[in-house]
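These are the residues of each chain, in order.
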Amino acid sequence: MNGPGSGKVALQIIRGFRLRFLSRLAINFTAGVAVLYLILYLALARALPEEYAGAYHALRGLPGFLGSIIATSVAAYILLACASTAALCVVWLHKVAGPLYRLERVMDGFRSGEPTRPVFFRHGDRFGSLPEAFNAWIGSLRQDRQRCLARMDEAERLCLQDEATCRAEMEKALGQVAEILARYR
Amino acid sequence: MKARPHPYRRNIRYVNPRYQGGAALMFAAVIVATGTAFGRMVYLELGERLRTFALRGHYPVKTPYEVVREPLAWHIAGLLAGVLLLGTAAFLLFMWATRRGVRHVVETLRRSAEGDLSTPTGSPGLKEFVRLGKEFDGARADLLEELREVRSEAASLASGGIPPDEFHARWDGLKQRIRGIAP
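Residues numbered from 1 in each chain as written. Chains lettered and ligands numbered in written order. Predicted model: local features only at pLDDT ≥ 70, side-chain atom pairs only at ≥ 80, totals over all residues. Heavy atoms only, no water.

### What to know about the overall build of chain B
Defined as follows: The way it works is that DSSP assigns letters per residue, a run of H or I at least four long becomes a helix, a run of E at least two long becomes a strand, and they are numbered from the N terminus. Summary of the burial criterion: residues with accessible area below 20% of their type's maximum are buried, those above 50% are exposed, and those between are partly exposed, where the area comes from a 1.4 Å probe applied to protein chains only.
Counting secondary structure elements, chain B contains 4 helices and 0 strands. The N-to-C order of helical and strand elements in chain B reads α-α-α-α. The principal-axis extent of the C-alpha atoms belonging to chain B is close to 115 × 55 × 20 Å. Here chain B holds 183 residues, and 44% of them are scored as buried.

Here it is in structure tokens:
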């Protein structure tokens, strides 16, 4: 399952994830900017008085209010864009954060001596190479453990013969156990 | 007929404040920075334009919006382009850092499968991967210590010269310890 085909598929999935996330991010930002523009438009599109003096005073007075109008529109943009982007991060990055969280929990269990089950990510989760590598590591450990135990069991079976043969076989098995474990450094 | 919920439905939760919250903060910084820059530039330019226009004797417009429409449109376009570009750059940087962190952890796991339990993970970048790397390194260090002790005990027993009773007791103890590896 680790051939070049699966690598291409993984790359396509990652690209697809990026594009979908970026398109939603663009929608959030555009919505925020649209709200900002709408507030500015509504504030500035009020009709000027017909008479000259009224229009003059309205135009002269407007820069005094412009700061609060712009501040309101920018605050609305920041609030809307930040809230929707935070929600996007929680929902979409869960596909990355979830697997990391699960792997951390498995590692906690491993350190505390609990039986370690193979890790499988859910459909749609990112970085499928993580559980593969973790399961391969645990698999290799268990393989070595089984080899050691099998060699020791085999030596015990020979204990049905005389004591000297039993002891010699056991010492030979122990030497092989030490040899199997010697690769760990 | 009422549809039953799917038993394996994804349960979306805020599981990782450092990761999900960190990304949200990064985008918030982009949004606040672009909004602040926009506000400052628009305030200066539109204010000046309105003041200059008010000093004219003739007002061929019905609303103040018509006075500032063109520069406002340019600033809005600039804000949108800026926030999209910076947001995209921030996201790509974040994903690159994530992939880099995952690659380091995967390489560590592959090395571990080949027997290397001592080389540190050394995950760079995002704190989440630094933490995960330390978690792995701790587990690998514990395991290596256990394997060394088992190996040393096996070598000690294999060297001979141990009375039979003690030998069998230690043999059973060793088997029990080996059973405890990756249970």
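### Things to note about the packing of aromatic side chains
The test is simple: Ring pairs shown here join Phe, Tyr and Trp side chains whose ring centres sit within 6.5 Å, with only the six-membered ring taken for Trp; geometry is labelled stacked below 30 degrees between planes, edge-to-face above 60, and tilted in between. Note on criteria: charge over ring means Lys NZ or Arg CZ within 6 Å of the ring centre, with the direction from the centre no more than 35 degrees off the ring normal.
Following the criterion strictly, the structure yields 13 aromatic pairs over all chains and no others. Pairing Tyr41 of chain A with Tyr65 of chain B gives two aromatic rings, centres 4.8 Å apart and planes at 85°, and the pair type is edge-to-face. One end of the pair, Tyr41 of chain A, is in helix H1 (residues 4-44); the other, Tyr65 of chain B, is in helix H2 (residues 64-113), on a second chain. Given the relative accessible area of 35%, Tyr41 of chain A is considered partly exposed. Counting every residue linked through ring pairs, the aromatic cluster contains Phe17, Phe21 and Trp92 of chain A together with Phe27 and Phe91 of chain B. Over the ring of Phe167 of chain B we find Arg167 of chain A; its NZ or CZ atom is 4.0 Å from the centre of that ring.

### Let's talk about helix H3 (residues 127-158) of chain B
To keep things clear, this is the line we draw: Given the number of residues in a helix, its expected span is that number minus one, multiplied by 1.5 Å.
Between its terminal C-alpha atoms H3 of chain B stretches 46 Å, which fits the 46 Å expected from 32 residues at 1.5 Å a residue. Downstream of H3 of chain B by a residue or two, Gly160 of chain B has a phi angle that is positive, lying close to 85°.

### So, the pattern of salt bridges
Stated precisely, the cut-off is as follows: Definition used for salt bridges: Asp or Glu carboxyl oxygen within 4 Å of a side-chain nitrogen of Lys or Arg.
Per the counting criterion, the structure on display carries 17 salt bridges over all chains. Notably, a salt bridge pairs Glu156 of chain A with Lys175 of chain B, separated by 2.9 Å at the nearest N-O pair. Residue Glu156 of chain A is located in helix H4 (residues 129-157), and its partner Lys175 of chain B is located in helix H4 (residues 164-179); the two belong to separate chains. Where Glu166 of chain B meets Arg170 of chain B, a salt bridge forms, and the shortest distance between an N and an O atom there is 3.0 Å. Residue Glu166 of chain B and its partner Arg170 of chain B are both found in helix H4; the two are separated by 4 residues, about one turn of the helix. Residue Glu166 of chain B is classed as partly exposed on the basis of its relative accessible area of 38%. Each of Glu104 of chain A together with Arg18, Glu128 and Arg131 of chain B takes part in one network of salt bridges that share partners.

### Examining the domain arrangement of chain A
You'll often see interface size given as the accessible area lost when the parts meet. All names here are of chain A. As a reminder, the rule being used: Domain extents, as shown, originate in an automatic or database domain assignment. Two residues form a contact once any of their heavy atoms are found within 4.5 Å. In this description, buried area is defined as the sum, over both parts, of the accessible area (probe of 1.4 Å) that is lost when the two are combined.
By the assigned domains, chain A splits into domain 1 (1-114) and domain 2 (129-185). Relative to domain 2, the C-alpha centre of domain 1 lies at a distance of 57 Å. In this assembly, 6 residues from domain 1 lie in contact with 6 residues from domain 2. Taken together, both faces of the contact between domain 1 and domain 2 bury some 500 Å²; the carbon and sulfur share is 85%. For the interface between domain 1 and domain 2, the tally reads 0 salt bridges.

### Brief notes about the confidence of the model for chain B
Residues and elements named next belong to chain B. The cut-off we apply is this: Values of pLDDT, the confidence the predictor places in each residue, fall between 0 and 100.
Taken as a whole, chain B shows an average pLDDT of 86; of its residues, 92% reach a score of 70 or greater. Contacts from residues 5-9, a stretch scored under 50 in pLDDT, to residues over four places away or in other chains number 0 contacts. For this predicted complex, the interface score ipTM comes out at 0.78, alongside a pTM of 0.79.

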